[in-house]
Amino acid sequence: MKTVRSVLTLLIAAAVVPLKVWSGAELRSTVGTVEVKRAGSPTWSQGRPKTAVNNGDIVRTGVGSETEIKMNEGHKMTLRERTSLKVDSSQSPETKIDLLAGRVRTFVSKLKRQNKFEIKTPVAVASIRGTVFDLEVAESGASRLSVLEGVVSYRDIAGLGQEVQVLKGQSVLIEPGAAPRPAEPLPQDMQQGILPDEGARTAEFNAKAEVQREVGMAAFKEFFQTDAAQEMKTAQYQEGKTLIDAFGKRVRLEEYIARPAANQYSFVALNTREDRTDFTRFDLYAQNALPENISSINLFSGATNELTNQNNWVTKTHRLSSNGGDYYREWQDGGSPVNMNDNKQRVVFSHWYVEAKGQGAAPTLLSHWVPDAAYLGGNASATKTRDDAELQSILTQNIPSGYKNLGDGGTIGDVRPIDTAGFTDAQRLDALDNAAVNASYASSEGFARNSTVRFDDRTIAASTLAQILNSTKLSRVSVYDDPAVAGAVNHTLTVDQYYLNDEGDKLTFAQAAKLGSSVEGINFENVFTSSLIGNRKIDVVISPSIFKKAGLLDN
Amino acid sequence: MTNRSLSKIAAALLAAMAPASASAEVKWAPYLSAEVYAGSSKFDSENVSGPNGNVLFVPAMRFGENFSLLPSIGLGYRKSRDVQELAGGGFLTQEQQTRSLGLKGVRNVGDSWKAKAYASYRQELIIETKDESWGDGDFDYDKTAVGVEAERTGSAWRSLRFGLDYYALAFPNFSSLAAEARNLGITVNPGEDVLDFSAVDASVGADVQLGSKSLLSGYLLASSRDFKDQKIVKPDGTYTADDRSDTYLYLSAGYRHQLPQWSLFGLGVENLAGVDLSYAALDSDQHNYDAGRTKFNENYYDYSEIGFGPRVNLRFREKLTLGLSYMLSTRDYADRPVQNADGTYTTDTISSDVNTLRVTVSYPLLKNLSVEGRYANQNADSNMKFEQTYKYDYSSSNYFLGLSYQL
């Protein structure tokens, strides 16, 4: 019997416990951040549908959040965003709510005579009997009651004024330390009894949250797509295809290799700026077929201090720089290795030409150099001085080491000008492969050249060594004199040279000198101007390593 | 596929999703986001200061219970850049404008599923140097995209998404200089519109609720990218007739957990902590030929990248929020060789580490209006020593202060 009683007790207890839960209140719907702090607990926990709300608990909603509390007698309270309320008592006969902040809409079921429903704010108390109303607390504590259905008793907590009966369609404000203000009419839509549809409001709220969510997801996808665009741009920078020139302008640089024939190698560097395109094309012809990787061979000289027979060498070169209309070009012909007396083989060319041409004008052969007899005979130092005046002599040389003007010994320019009438521009550009054109050039003489070298626009004589080392611009100003006209200056040609990195920072010559024989990683900008091209510019930036490897930068 | 074709596809998809009854009531749910910031970016020892701002307006419409239409229009301007964009490039970018238009349809299918389709257009204009003006930047681009998505929402699996997207990127002012080279008699054919490509992205995303306080998110993206006119380079520096094709893979996982509230100087502090993990890989059939150094670099673009980092968000008294995140990402190129400082190639392959720290602070001033501050610092370290064309070792940072409005 005792056992039976114990079982019954347990069953009754089990039945009562859930009844105790149902006797309070619980959250129904939740949107966004809804949290509950239990009575006596210092922490907040997430509020979800069916979360019980007991006496002493505090419920709060975050920004853009909303929840509904349903009480055992059917009363419902909708907490708007950023609302906080404490449930003092959720059970009959006295339901008491402490609205701490924010706004609630309350639906109070019809109350039994002995029952009471009361909401308190920091400054006011609203007592209700079966009604629908809004109660809102500002940060100052000021509390506005708007009655939509029924009647609500409303008084200030300090007892400064009389309790007022707020009727359907009225709104009363109580400010801190003040009696209730006179009742005001509700806004027109409420006056007409058109209550905002709670379902519609929730739908509106959900719709906005949904829009925000979709916007966020779209931004996430957009990230991957725009990141792909960013990668394309980054690759251009990583490959050095975009750089800044010596004048702060952005240059796109593309360099291409072509192999027109087994023994031929072509290189083109193209520059585009906002308003112009410049390029340099370099062609190299070898005696024999070239390997795939030409960087490993030297076609211009044999191994240092070793007289070895070169099994392949350069026979012709052609370098042309142009702005699309004007051009400057140098080309060499008849290259063959010569055993030099410094125990080394070196390629000597039988002809070396320099020409300039303005757009629409005839070309002018500025220089035609041929090898000096001593150099051709193997005297490596015959014309290459290495004395104390080395720097000045090399910089101001009027002809390349080892060469002389065609016509030296006679009068330069005797056999000038070249035949410009008999050939087209295209034929002349093809001088290396066109025998007739080649013959015409081979018999034509250039001008006598007088060069001045300037560092940052100062002559060598006007510069100290420190100024030279700290300069960033090297200019060769050449005057081509026509000996047939005494005292006359025929043509000028200025070539400005800069070493710079991809961000347009110019290297001083001291910095450039530290690079030694390596020119990897720097750019070389050549700016040609000449009276022959109307003093327009041909401005080309290249990666010079290809020319270094081809031996051209030694000349 | 042309932009016109894309527009037709998008229109057809959206029409198919629209409600059968034209009389469905239209309800508006407009969304507006506007941000204005002033700030400064620092890359190594250089600084750039200026304003940034953007606005996005989505006048969303709801037709009945099951169909929503979200048109969108966005505008943006930036003078100061984010650390992510500063990577490697010094301060070439000076100003940037973005303009975007979009239209998205969302249709409820049953209780749990949603079908979505969208079409969007985005234009980005970039001024990089003193001699450029709006509209003629080399790296200006247009992006046109269409896509569909199926999403299932629920309680434990809060979201499960399957997406298929197509987009085309065009750089209208950028083409290779091959045509000019051909005019010089040199036959090279690297292609002309070498940066333009189109992509098909397939993706799966999921958010899973773990208990009452934790959320696990995952995302998988596979992208196939076909270049419109970028020929594949051969070992001798010449080009094949085939166009480049890439495959990109991205996989990420994120975990968020709400920690117990604690007190700091009497202020209730709420915490949300998390960790992110990601993996990305690019596989390209393109190579690189360094004409300046006559060096062929096979599989130059292929890489894999791993990212890892924690984050925490703190909220004080429901108002002041503080976000902290850190990310370490390591990118390893499969075959791209390391170069010494003078540019000579070595046999090692490039590996780069990037550390990024971000701090955000936000405080609501008025309803929908917040004041926000952002700070980011990024440090990169690499075994690549050749930095004449691109910085691999650098330190960059930025900070912004401004207002954010969301309606």
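Since the structure is predicted, the reported quantities are computational estimates derived from the model, not experimental observations.

1. A short note on the overall build of chain A
Regarding its fold elements, chain A presents 10 helices and 32 strands. The burial tally for chain A puts 49% of its 555 residues in the buried class. Once local pairs closer than 6 in sequence are excluded, the contacts in chain A between residues at least 24 apart make up 51%. Of the roughly 24800 Å² of accessible surface on chain A, a fraction of 52% belongs to carbon and sulfur atoms.

2. With respect to the pattern of salt bridges
The tally for this structure, following the rule as stated, stands at 45 salt bridges over all chains. Of the charged contacts in the structure, one is a salt bridge between R273(A) and D539(A), with a shortest N-O distance of 3.3 Å. Taken together, the positions of R273(A) in strand 18 (residues 264-273) and D539(A) in strand 32 (residues 537-542) put the pair 266 residues apart, joining distant regions of the chain. Residue D326(A) pairs with R536(A) through a salt bridge whose shortest N-O separation is 2.8 Å. One end of the pair, D326(A), is in the loop between strand 20 (314-322) and strand 21 (327-333); the other, R536(A), is in the loop between strand 31 (523-530) and strand 32, with 210 residues separating them in the sequence. Among the residues examined, R536(A) registers a relative accessible area of 39% and is labelled partly exposed. Via salt bridges that share partners, E210(A), R213(A), E214(A), K221(A), K104(B), K114(B), K116(B), E149(B), E151(B) and D165(B) belong to a single interconnected network.

3. Notes on the sheet that holds strand 26 (residues 403-405) of chain A
Residues and elements named next belong to chain A. Here we have nine strands laid out as an open sheet, ordered 16-17-18-19-20-21-24-25-26, and antiparallel in their pairing. Looking at strand neighbours, the two that pair on one side only are strand 16 (242-244) and strand 26, the edges of this open sheet. On average, each strand axis in the sheet is tilted by 20° relative to the strand beside it, whichever way the strands run. With seven bridges joining them, strand 21 and strand 24 (residues 351-357) adopt antiparallel strand pairing. Across the sheet, the residue bridging to E330 is V354, located in strand 24. Against the sheet, helix 7 (residues 435-442) touches strand 21, strand 24 and strand 25 (364-371), its axis set at about 95° to strand 24.

4. Observations regarding the side chain of R329(A)
Residue and element names in this part refer to chain A. Within the secondary structure, R329 sits in strand 21. Here R428 takes part through its backbone oxygen, which lies 2.9 Å from a polar atom of the side chain of R329. Only 3.2 Å separates the side chain of R329 from the side chain of Y441, close enough to count as a polar contact. Filtering out sequence-adjacent residues up to four positions away, R329 remains in contact with H318, R319, L320, Y353, V354, E355, R428, L429, A431 and Y441.

5. Some thoughts on helix 7 of chain A
Residues and elements named next belong to chain A. What helix 7 keeps buried is the set V437, N438, S440 and Y441. The buried residues of helix 7 all sit within an arc of 160° when viewed along its axis, so they share a single face. Elements that come into contact with the buried residues of helix 7 comprise strand 21, strand 24, strand 25 and helix 6 (425-429). Among the residues of helix 7, the N-terminal cap falls to N434, whose side-chain oxygen and the backbone nitrogen of A436 are separated by 3.1 Å.

6. A look at the confidence of the model for chain A
Residue and element names in this part refer to chain A. When pLDDT is averaged across chain A, the result is 78; 78% of the residues are at 70 or more. Predicted confidence is poor over residues 384-388, with pLDDT under 50, and the contacts of this stretch with residues over four places away or in other chains come to four contacts. Here residues 549-555 scores under 50 on pLDDT; set against residues more than four positions off or in separate chains, the count is 21 contacts.

7. Looking at the packing of aromatic side chains
Residue and element names in this part refer to chain A. With the rule as written, the count across this model stands at 26 aromatic pairs over all chains. For the pair F455 and F509, a centre-to-centre distance of 5.6 Å together with 90° between the ring planes defines the contact as edge-to-face. Here F455, found in strand 27 (residues 448-455), pairs with F509, found in helix 9 (residues 509-514); they are 54 residues apart in sequence, far enough to count as distant. Residues F455 and F509 agree in their burial class; the two are buried.

The rules behind the values
Residues numbered from 1 in each chain as written. Chains lettered and ligands numbered in written order. Predicted model: local features only at pLDDT ≥ 70, side-chain atom pairs only at ≥ 80, totals over all residues. Heavy atoms only, no water. Helix = DSSP H or I, 4+ residues; strand = E, 2+ residues; numbered from the N terminus. Buried < 20%, exposed > 50% of the residue type's maximum accessible area, 1.4 Å probe, protein only. Contact = heavy atoms within 4.5 Å. Areas by Shrake-Rupley, 256 points an atom, 1.4 Å probe, with all protein chains shown as cover. Salt bridge = Lys/Arg side-chain N within 4 Å of Asp/Glu carboxyl O. Pairing = 2+ DSSP bridges. Axes fitted to C-alpha atoms, helices over the stretch in contact; angles between N-to-C directions. Polar contact = N/O pair within 3.5 Å; in protein donor to acceptor, adjacent residues only side chain to side chain. Arc of directions from axis to C-beta. pLDDT = per-residue confidence, 0-100. Phe/Tyr/Trp six-rings, centres within 6.5 Å; stacked < 30°, edge-to-face > 60°.

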